Amino acid sequence: MKRLYSILFMLLLFVCASAQKKEISNARDNIKKNRNLEQAEKSMNDLLKDSANRYNDRIWSTMFDAIFKQYVQGNEKLYLRQNYDTTKLFNLTMKMIRTAESLDSVDARPNKNGKIELKHRKKHADLLHKYRPNLYNGGLFFVNKQKYAEAYKYFDAYIDCANQPLFTQFDYNANDKRIPEAAYWAVYCGYKMKDPKATFHHTYLALKDTARYCMMLQYLAETYRLEKDTVRYIETLTEGFEKYPTFEFFFPRLVQYYGENGRWETVLDISERAISNNPESEIYRLSKGTALLNLGKYDECIAISDELIAENDSLADAYYDAGMAYFQKAVELDKNIQLSKKQKNKIKDLYHKALPYLKCYRALAPDQRSKWGLTLYTIYLNLNMGDEFDEIDRLLREKH
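Residues numbered from 1 in each chain as written. Predicted model: local features only at pLDDT ≥ 70, side-chain atom pairs only at ≥ 80, totals over all residues. Heavy atoms only, no water.

Caption draft 1: Summary view of the overall build of the chain. Broken down by element type, the chain carries 21 helices and 0 strands. The globule rule puts the C-alpha radius of gyration for 400 residues at 21 Å, and the 36 Å found for the chain is more than 25% above it. Along the longest, intermediate and shortest principal axes, the C-alpha atoms of the chain span 120 × 50 × 50 Å. Considering the chain as a whole, with its 400 residues, one finds that 44% of them fall into the buried category. Looking at the chain as shown, the accessible area adds up to about 23100 Å², and 50% of this sits on carbon and sulfur atoms. (Helix = DSSP H or I, 4+ residues; strand = E, 2+ residues; numbered from the N terminus. Rg over C-alpha atoms; globule rule 2.2 N^0.38 Å. Buried < 20%, exposed > 50% of the residue type's maximum accessible area, 1.4 Å probe, protein only. Areas by Shrake-Rupley, 256 points an atom, 1.4 Å probe, with all protein chains shown as cover.)

Caption draft 2: Broad picture of helix H12 (residues 213–226). Across its 14 residues, H12 extends 20 Å between first and last C-alpha, which sits within 8% of the 20 Å expected from 1.5 Å per residue. The inward-facing, buried residues of H12 abut helix H9 (179–193), helix H10 (196–201), helix H11 (203–206), helix H13 (230–243) and helix H14 (250–260). Looking one or two residues beyond H12, the residue adopting positive phi is lysine 228, at roughly 60 degrees. (Expected span 1.5 Å × (residues − 1). Contact = heavy atoms within 4.5 Å.)

Caption draft 3: Molecular detail of H13. The terminal C-alpha atoms of H13 lie 20 Å apart, and with 14 residues this matches the ideal 20 Å at 1.5 Å per residue to within 8%. For H13, every residue scored as buried is listed here: Tyr233, Ile234, Thr236, Leu237, Gly240 and Phe241. One face of H13 carries all of its buried residues, which in axial projection span an arc of 160 degrees. Opposite the buried face of H13, at more than 90 degrees from it, the exposed residues are Val231, Glu235 and Glu242. The inward-facing, buried residues of H13 abut H12, H14 and helix H15 (264–277). (Arc of directions from axis to C-beta.)

Caption draft 4: Representation of unusual backbone geometry in the model. A positive phi angle is found at asparagine 34, which is not glycine, with a value near 55 degrees. The residue asparagine 34 is located in the loop between helix H1 (2–32) and helix H2 (37–48) in this model. If you check the backbone angles, glutamine 146 has positive phi at about 60 degrees while not being a glycine. Along the chain, glutamine 146 turns up in the loop between helix H6 (133–144) and helix H7 (148–160). Relative accessible area serves as the criterion here: at 58%, glutamine 146 is assigned to the exposed category.

Caption draft 5: Looking closely at the packing of helix H4 (residues 86–107) against H6. Following both chains from N to C, one finds H4 and H6 inclined at 140 degrees, their axes separated by 10 Å at the closest point. Judged on the interaxial angle alone, H6 and H4 are oblique. Judged by the twist between their axes, the crossing of H4 over H6 is left-handed. Of H6, the residues touching H4 (which contributes Thr86, Thr87, Phe90, Thr93, Met94 and Ile97) are Asn134, Leu135, Asn137, Gly138, Phe141 and Phe142. Residue composition of the contact of H4 with H6, by class: 6 nonpolar, 6 polar and no charged. (Axes fitted to C-alpha atoms, helices over the stretch in contact; angles between N-to-C directions. Parallel < 35°, antiparallel > 145°, perpendicular 65-115°, else oblique. Left-handed = near helix turned anticlockwise from the far one by under 90°. Nonpolar A, V, L, I, M, F, W, Y, C, P; charged D, E, K, R; others polar.)

Caption draft 6: Region of the structure containing the pattern of salt bridges. One pass over the full model with this rule turns up 27 salt bridges. In this structure, lysine 243 and glutamate 239 form a salt bridge, with 3.1 Å as the shortest nitrogen-oxygen distance. Taken together, the residues span about one helical turn, with lysine 243 and glutamate 239 both in helix H13 at a distance of 4 residues. Residue lysine 243 is classed as partly exposed on the basis of its relative accessible area, which comes to 46%. (Salt bridge = Lys/Arg side-chain N within 4 Å of Asp/Glu carboxyl O.)

Caption draft 7: Inspection of the packing of aromatic side chains at higher detail. Scanning the entire structure with this criterion turns up 27 aromatic pairs. Considering the side-chain rings of phenylalanine 167 and tyrosine 172, the 5.7 Å spacing of their centres and the 45 degrees angle between planes classify their relative orientation as tilted. When sorted by exposure, phenylalanine 167 lands in the same class as tyrosine 172, which is buried. Both rings, one in phenylalanine 170 and one in tyrosine 172, keep their centres 5.6 Å apart while their planes meet at 10 degrees; by these two values the pair is stacked. The burial state of phenylalanine 170 is the same as that of tyrosine 172; both residues are buried. The ring of tyrosine 158 has arginine 132 lying over it, and the distance from NZ or CZ to the ring centre is 3.8 Å. The residue whose ring lies beneath arginine 132 is tyrosine 172, and the NZ or CZ to ring-centre distance is 3.7 Å. (Phe/Tyr/Trp six-rings, centres within 6.5 Å; stacked < 30°, edge-to-face > 60°. Lys NZ or Arg CZ within 6 Å of the ring centre and 35° of its normal.)

Caption draft 8: Here's a closer look at the packing of helix H3 (residues 57–79) against H4. The N-to-C vectors of H3 and H4 enclose an angle of 155 degrees; their axes lie 9 Å apart at closest approach. Looking at the two axes, H3 sits roughly antiparallel to H4. The handedness of the crossing between H3 and H4 is left-handed. Mapping the contact onto sequence places Asp57, Trp60, Ser61, Met63, Phe64, Ile67, Phe68, Gln70, Tyr71, Gly74, Asn75 and Leu78 in H3 and Thr86, Leu89, Leu92, Thr93, Lys95, Met96, Thr99, Ala100, Ser102, Leu103 and Val106 in H4. A per-class count over the contact of H3 with H4 returns 13 nonpolar, 8 polar and 2 charged.

Below, the structure is given as structure tokens:
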């Protein structure tokens, strides 16, 4: 019985081998005659799904040839301005290179004598070296289509060629100056996808693209923020601000972070450094005014706010900072338990000075009721302005 099973098993192997040989032969015949190329590719791909065939270089080689012939046909159609899907041509480039890399790994296995005889590497490397730029171009094509996941795959594959034994002879890491650009676009795609892993994967190479270093820091900062990595987020913003002090991305986010954490001395320092690079900037001077207000340097705050208002009378925050500076001076003076008549008059005078600024702020920023509501309420109350007080009292009682 065992002998019978053995014979049946050998017979089965022979039948399978014959069927496989016939399938490869049919595929190669179709490739030679430039017909049914997609079917030829599929049949080889189906054979490779069987783990027993994974190291069969003839199957891999046949599949590569089927894909290559499809690429040649598609390229000819584009050249002749015939209707053809550009996306398909990029996809065929990717499949050619991936298939050749897989074949190369099979080709590099030692034979029964322990020797490695590379039968395909030189030929495929020389051929695909000419087509590899299509991976980069494919990435740009999909970026323009805003298909960032697809674009990322192409840039990643383009970069990965530099690490594949198949392309060793070209030493892309040393000789391909476009790799940092491809890495930049890969990072950009990861950033647009909000995928931290994809964003960070090629960061080291992308930072070598000095022409886009500024944008790289922006993408990294935003990704660190998504990851809630506050330390690296602030480090990256700081580096960006120091290298590109007039670039609009870094400054406001640094100011926001330090302001929310009550570090107004730092906000003041950053603002003054920014002003030194651009003394005319309204944003930088507004930030300095806000820092001075929160540091209790009220006279300096009023001075810079008045300068800004004189230049542009529609700057709501400048009115707010100046008004609050006068208001806070009054509140601090009013903290004294015993007040002289002179001090009481001084307090009223400060409220009077604060009022026009805060009224202007209200007019310019009516939706900021939480900022001007109680302040105007307090001023009207202290100045015995009945009608205005009643109006603001009703307003504050309303649900909003």
